[in-house]
Amino acid sequence: MSHWALYNSRQSTRPIRELCRQAMALTGPGAGRTAVDLGCGAGRETAALLAAGWRVVAHDSEPGTQLRISRTVGGTHERLRVRVCGFEDLSELPPADLIYAGYSLPHQSST
Ligand SMILES: C[S@@+](CC[C@H](N)C(=O)[O-])C[C@H]1O[C@@H](n2cnc3c(N)ncnc32)[C@H](O)[C@@H]1O
C-alpha cells in the first residue's frame, strides 16, 4: 500500500478540516455551484461539500481514490465527479466557485 493510500485509509471519519469549514461558511450553500477539491484524499471534505449542495470535482492521483470516496460519500453521487491523475497532468480546472486544496499542494509527490 502506498504512503498516501495508507494515510487516506485513516481519514474517512475525522472532523472536516477547519479551513474547509471556513471556506464553506464564507461561500454559503453550494446551491448547485461547482467546487473543486484538489488532493481530495479520502473525500471527507468532498462529502461535506456535497452535503452543502455543491457540485464537486474531486481530484487526486491515488489510484484507489474513486473507491475510497464512494465509501466516504456512501456510494455514487449525481453531483460528484472524481478525476484520478496528478496535478502535473492537469491542463485546466473546470469553472468553479470554490477551489479547496487541503494539505495537498505542499505535499504533492510526482506521479
Ligand atoms: C496530506 S494528503 C491530504 C488529503 C486530504 N485533502 C486531507 O485533508 O486529508 C495529500 C493528498 O494529495 C495527493 N497527492 C499527492 N501528490 C499528488 C499529485 N502530484 N497530484 C495529485 N494528488 C496528489 C495524495 O494522494 C493525498 O491524497
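Residues numbered from 1 in each chain as written. Predicted model: local features only at pLDDT ≥ 70, side-chain atom pairs only at ≥ 80, totals over all residues. Heavy atoms only, no water.

Within an unreviewed UniProt entry, the label attached to the protein reads Methyltransferase family protein, and the organism entered is Actinoplanes lutulentus.

Caption draft 1: Quick peek at the overall build of the protein. What the protein contains, in helices and strands, is four helices and four strands. Moving toward the C terminus, one meets the helices and strands of the protein in the order α-α-β-α-β-α-β-β. Taken against the 2.2 N^0.38 rule, which gives 13 Å for 111 residues, the C-alpha radius of gyration of the protein at 13 Å falls within 12% of a compact globule. Counting across all 111 residues of the protein, residues that qualify as buried make up 42%. Nonlocal contacts in the protein, meaning residues at least 24 apart in sequence, comprise 60% of its contacts between residues at least 6 apart. (Helix = DSSP H or I, 4+ residues; strand = E, 2+ residues; numbered from the N terminus. Rg over C-alpha atoms; globule rule 2.2 N^0.38 Å. Buried < 20%, exposed > 50% of the residue type's maximum accessible area, 1.4 Å probe, protein only. Contact = heavy atoms within 4.5 Å.)

Caption draft 2: Local environment of the site of the ligand. In the neighbourhood of the ligand, 22 residues make up the surrounding shell, with Arg 14, Gly 39, Asp 60, Gly 102 and Ser 109 lying closest. One nitrogen or oxygen atom from the main chain of Gly 39 is found 2.7 Å from a nitrogen atom belonging to the ligand. The contact in question runs from a nitrogen atom of the ligand to an N or O atom on the side chain of Glu 88, over 3.1 Å. Its free accessible area being 600 Å², the ligand has 99% of it covered by the protein chains. (Near = heavy atom within 4 Å. Polar contact = N/O pair within 3.5 Å; in protein donor to acceptor, adjacent residues only side chain to side chain. Areas by Shrake-Rupley, 256 points an atom, 1.4 Å probe, with all protein chains shown as cover.)

Caption draft 3: A look at the environment of Arg 68. In this structure, Arg 68 sits in helix 4 (residues 65–73). A residue is classified by how much of its surface remains accessible, and Arg 68, at 15% relative accessible area, is buried. With 24 residues separating them in the primary sequence, Arg 68 and Arg 44 have C-alpha atoms 10.0 Å apart. Each residue touching Arg 68, except ones within four places of it in the same chain, is listed here: Ala 5, Asn 8, Ser 9, Gly 41, Ala 42 and Glu 62.

Caption draft 4: Inspection of the UniProt feature "domain: Methyltransferase type" (unreviewed entry) in the protein at higher detail. Here, UniProt's "domain: Methyltransferase type" (unreviewed entry) annotation points to residues 36–107. The span residues 36–107 is 24% helix and 25% strand, and its two end C-alpha atoms sit 18 Å from each other. (UniProt positions renumbered as here; feature names shortened; annotations may be inferred.)

Caption draft 5: Summary view of helix 2 (residues 18–27). Three or more residues of helix 2 are buried, namely Cys 20, Ala 23 and Met 24. End-on, the buried residues of helix 2 take up no more than an arc of 95 degrees, which puts them together on one face. Relative to its buried face, helix 2 has exposed residues pointing more than 90 degrees away, namely Ala 25 and Leu 26. Buried positions along helix 2 lie against helix 3 (44–51) and strand 4 (98–101). Taken from the residues just after helix 2, Gly 28 is the one with a positive phi, measuring 80 degrees. (Arc of directions from axis to C-beta.)

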